[in-house]
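Analysis of the macromolecular model
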Amino acid sequence: MDSKKASRRKFLKGGAAAAAVGAIQSASGQTPAPAPVKRSLKDEVAYGERSHYVTSVRVAVLERPSPDEFGLTFHVLTPLQDQVGIITPSSLHFVGTHRGAIVPDIDPREYRFLLHGMVDRPLEFTLEELKRFPSVSRIHFVECLGNRARADHKTVQQTHGLTSCSEWTGVLLSVLLKECGVQKGANWVVSEGAEEVKGAGSIPLAKAMDDCLVAYGQNGEAIRPQNGFPVRLIVPGFEGIYNTKWLRRIKVVDHYYMTYNDYGHISKDPKVAGLNLQWGPKSVITFPSGGQKLPGPGVYQLTGLAWSGGGAVRKVEVSADGGHTWKDAEIRSQVHRMAHTRFGMTWKWEGQECMLQSRCTDELGQVQPTKAQLAKFFNQPPDYYHTHGVQGTDNTIQPWRVAADGSVSNAFA
Ligand SMILES: Nc1nc2c(c(=O)[nH]1)N[C@H]1C(S)=C(S)[C@@H](COP(=O)(O)O)O[C@H]1N2
Ligand SMILES: [Mo]
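Parameters at a glance
- Residues numbered from 1 in each chain as written.
- Chains lettered and ligands numbered in written order.
- Predicted model: local features only at pLDDT ≥ 70, side-chain atom pairs only at ≥ 80, totals over all residues.
- Heavy atoms only, no water.
- Buried < 20%, exposed > 50% of the residue type's maximum accessible area, 1.4 Å probe, protein only.
- Helix = DSSP H or I, 4+ residues; strand = E, 2+ residues; numbered from the N terminus.
- Arc of directions from axis to C-beta.
- Pairing = 2+ DSSP bridges.
- Axes fitted to C-alpha atoms, helices over the stretch in contact; angles between N-to-C directions.
- Contact = heavy atoms within 4.5 Å.
- Phe/Tyr/Trp six-rings, centres within 6.5 Å; stacked < 30°, edge-to-face > 60°.
- Lys NZ or Arg CZ within 6 Å of the ring centre and 35° of its normal.

Considering helix α5 (residues 173-180)
- Within α5 the residues assigned to the buried category are L173, S174, L176, L177 and C180. Buried residues in α5, looked at end-on, bunch into an arc of 160°, giving them a common side.
- Downstream of α5 by a residue or two, G181 has a phi angle that is positive, lying close to 75°.

Given below as structure tokens:
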């Protein structure tokens with residue numbers, strides 16, 4: 001045997017092979033793979049399906065079941081622990097829908113998008129007409145304000161499963177706004193969805209003119225119904241609620257318009273009063289993470305996701321000693337602005353109890369804080385946000401505790 005082979009053997013014996021087994025077990029939740037569903041050969045040819053051995057699924061948020069007794073869907077969490085790379089499969093993209101709205105069934109041939117308000121020429125576009133404008137395709141995350149890690153959250157799906165990342169295709173909103181001619185004095189735009197409760201939100205005109213997309217494509221095909229078919233707004237890096245699905249109209253206005261959606265978005269905490277608009281730098285380790293179990297000491301591929309509303313991820317650091325020392329992780333994907341970025345490092349677990357954390361720095365130089373640092377900043381007792389939760393966009397560091405038996409849990413629990 002050559003020395004290369006020998007060293008590879010030694011490496012595997014060190015634990016990497018065992019680690020892979022552990023990851024598969026936790027991904028399937030220790031349940032046996034279901035028997036293959038019989039699809040007609042014609043269906044198989046027409047639209048592919050994943051292997052029946054792959055069982056990764058979305059789950060409802062802890063506090064509200066989906067579907068509920070009325071058949072309504074609330075917020076649904078993406079299985080981050082099973083994901084590889086940076087693109088969330090469309091069928092596993094998280095769902096954030098208010099008040100259990102029924103997904104509108106919009107015929108794309110009947111679809112109309114109205115752009116009006118403080119413009120020289122109010123215009124209405126069909127989907128066909130939107131597609132006659134030059135398209136752009138960009139990779140961006142969407143994250144819901146509800147994505148705040150709580151002590152009773154056990155898995156990374158529960159702590160962070162309200163964020164996903166897709167390649168979105170559409171027309172830049174700025175192109176359509178220029179087509180209409182924005183009038184002097186305009187400062188904000190209000191977007192509205194087509195469903196009965198009318199998801200809506202106000203964003204600054206400067207953001208609308210910058211990088212917002214009127215999107216009809218998600219990961220190479222039409223946007224999924226739950227994610228806004230046929231057209232949604234993408235507001236890169238802003239809180240999820242501004243990414244209006246089933247986009248019906250955008251009104252150009254002179255000041256901030258309150259909407260039905262403001263219930264959770266103007267902070268009740270006078271110390272942070274104001275709007276939550278843009279996400280700060282954020283990251284989370286997805287392996288090892290809560291609910292998983294390391295089969296034994298050895299070498300593992302620690303991995304996770306980092307992102308920021310402030311632009312591109314510049315650096316991710318990992319600490320295995322509760323935040324005393326930090327080491328740069330490797331960036332293991334392409335880096336896009338306002339997009340999930342994959343990081344990882346080869347990590348040797350000696351079998352001792354330890355605490356794992358990741359910390360993101362973005363292109364603006366913003367650094368992801370701990371809950372204790374946030375408390376200090378807002379002049380609160382050190383564990384204030386452990387017990388109260390963070391008001392608004394929570395981008396604090398998530399610590400995972402690895403016990404001596406290899407089991408991993410939420411260190412806030
Ligand atoms: N029309 C409409 N748009 C909406 C919502 C909604 O309920 N109705 N939910 C918002 C919220 S709170 C979030 S977090 C994002 C979630 O997008 P997703 O369901 O595609 O993940 O959509 C936003 N856009
Ligand atoms: Mo949300």
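There is more to say after this.
Describing the sheet that holds strand β7 (residues 188-193)
- The sheet built from five strands is open, its strands ordered β4-β3-β12-β7-β8 with mixed pairing. Two strands bound the open sheet, and with one partner strand each, they are β4 (123-125) and β8 (200-204). Going across the sheet, the axis of each strand differs from the next one's by a mean of 15°, ignoring polarity.
- Judged from the five bridges that link them, β7 and β8 form a sheet pairing that is antiparallel. Paired with V189 across the two strands is I203, which belongs to β8.
- Against the sheet, α5 engages β3 (113-117), β4 and β12 (247-253), with an angle of about 55° to β3.

Considering the packing of aromatic side chains
- A complete count under the given rule lists nine aromatic pairs for this structure.
- Between F113 and F125 the ring centres are 6.1 Å apart and the planes differ by 25°, which places this aromatic pair in the stacked class. Note that F113 is positioned in strand β3 and F125 in strand β4, a separation of 12 residues in sequence.
- The buried category is assigned to F113, whose relative accessible area is 0%.
- Here Y384 and Y385 contribute two aromatic rings whose centre-to-centre distance is 4.9 Å and whose plane-to-plane angle is 90°, an arrangement assigned as edge-to-face. An identical accessibility class is assigned to Y384 and Y385; each is buried.
- Three or more aromatic residues link up through ring pairs in this structure, and these residues are F113, F125 and F133.
- Geometry around W326 places R359 over its ring, the cationic atom sitting 4.1 Å from the centre.

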